[in-house]
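Spelled out, the chains give:
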Amino acid sequence: MESRQEMPRQEPGKRIKNFKEVASGYTEEQALKEASRCIQCKKPTCKAGCPVEIEIPEFIKAIAEKDFAKAIEIIKQKNSLPAVCGRVCPQESQCEKVCALSKKYGSVAIGRLERFVADLQISNSINVSRPTNVGGQAPCQSVKVDKTKDDARCTMLRRLLSWALGPRA
Ligand code: SF4
């Protein structure tokens, strides 16, 4: 079993001189390697650990097959903001915590893969159909889509801030 792909990061000497993200995201090669680690469990515990129950094995399989448009489409059926959630969701205590590989080999880096494909969509303008139904309780869940104005309106900030900053937010 290939080991979990590390996230590329700026060296401290560089990052003190700019305001770019410290973690720069997977390269395509890394994403393909990481996606190939998923064993496509018949009863995917990762999905049960996701607050919005993203079809995690399916989107990872699409990445492994280099079908990135399909991957982002699968994610967006349940989550309108994968670039955000790929960065701020606490995957280590949700989907990745219950990944079948977590104890023996290290969980599949689900969040990093989500971020990879979301960033790819942003940079390459992969076309996907607009999600129609998103809702729930955790930070990634509390997003509602205003169909009347054909505009995704986020009502997640309060929950997100609450999660990030604690009960004072
Ligand atoms: S539990 Fe882990 S190995 Fe199994 S399908 Fe989910 S991500 Fe893949």
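Structural notes, computed from the coordinates. Keep in mind it's a predicted model, so treat the numbers as computed, not measured. (Residues numbered from 1 in each chain as written. Predicted model: local features only at pLDDT ≥ 70, side-chain atom pairs only at ≥ 80, totals over all residues.)

On to the site of the ligand. The local shell around the ligand holds 14 residues, among which Cys-38, Cys-41, Cys-46, Pro-57 and Cys-99 are the closest. Taken together, the elements giving at least two residues each to the shell around the ligand come down to helix H3 (45–49) and helix H4 (56–64). Class assignment of the residues belonging to the shell around the ligand gives a composition of 12 nonpolar, 2 polar and no charged. (Near = placed C-beta within 6 Å. Helix = DSSP H or I, 4+ residues; strand = E, 2+ residues; numbered from the N terminus. Nonpolar A, V, L, I, M, F, W, Y, C, P; charged D, E, K, R; others polar.)

One finds Ile-56, Phe-59, Ile-60, Ile-63, Ala-71, Leu-113 and Val-117 to be the most contacted residues of the largest nonpolar core, which totals 27 residues. For this core, the elements supplying multiple residues, two or more each, are helix H2 (28–35), H4, helix H5 (68–76) and helix H7 (110–124). (Core = buried A, V, L, I, M, F, W, Y, C linked by C-beta atoms within 7 Å. Buried ≥ 20, exposed ≤ 12 C-beta atoms within 10 Å, placed from the backbone.)

With 15 residues, H7 should reach 21 Å at 1.5 Å per residue; the first-to-last C-alpha distance of 21 Å fits that figure. Within H7, 11 of the 15 residues are buried, leaving the element largely enclosed by the surrounding structure. The complete set of buried residues in H7 reads Ile-110, Gly-111, Arg-112, Leu-113, Glu-114, Arg-115, Phe-116, Val-117, Ala-118, Leu-120 and Gln-121. Next to the buried residues of H7 lie H2, H3, H4, H5 and helix H6 (82–88). (Expected span 1.5 Å × (residues − 1). Contact = placed C-beta atoms within 7 Å.)

Here we take up the environment of Leu-113. Inspection of the secondary structure puts Leu-113 in helix H7. Residues Leu-113 and Pro-82, 31 residues apart in the sequence, show an inter-C-alpha distance of 9.9 Å. Sequence-distant contacts of Leu-113, that is, excluding residues within four places in its chain, are made with Ala-31, Glu-34, Ala-35, Ile-60 and Ile-63.

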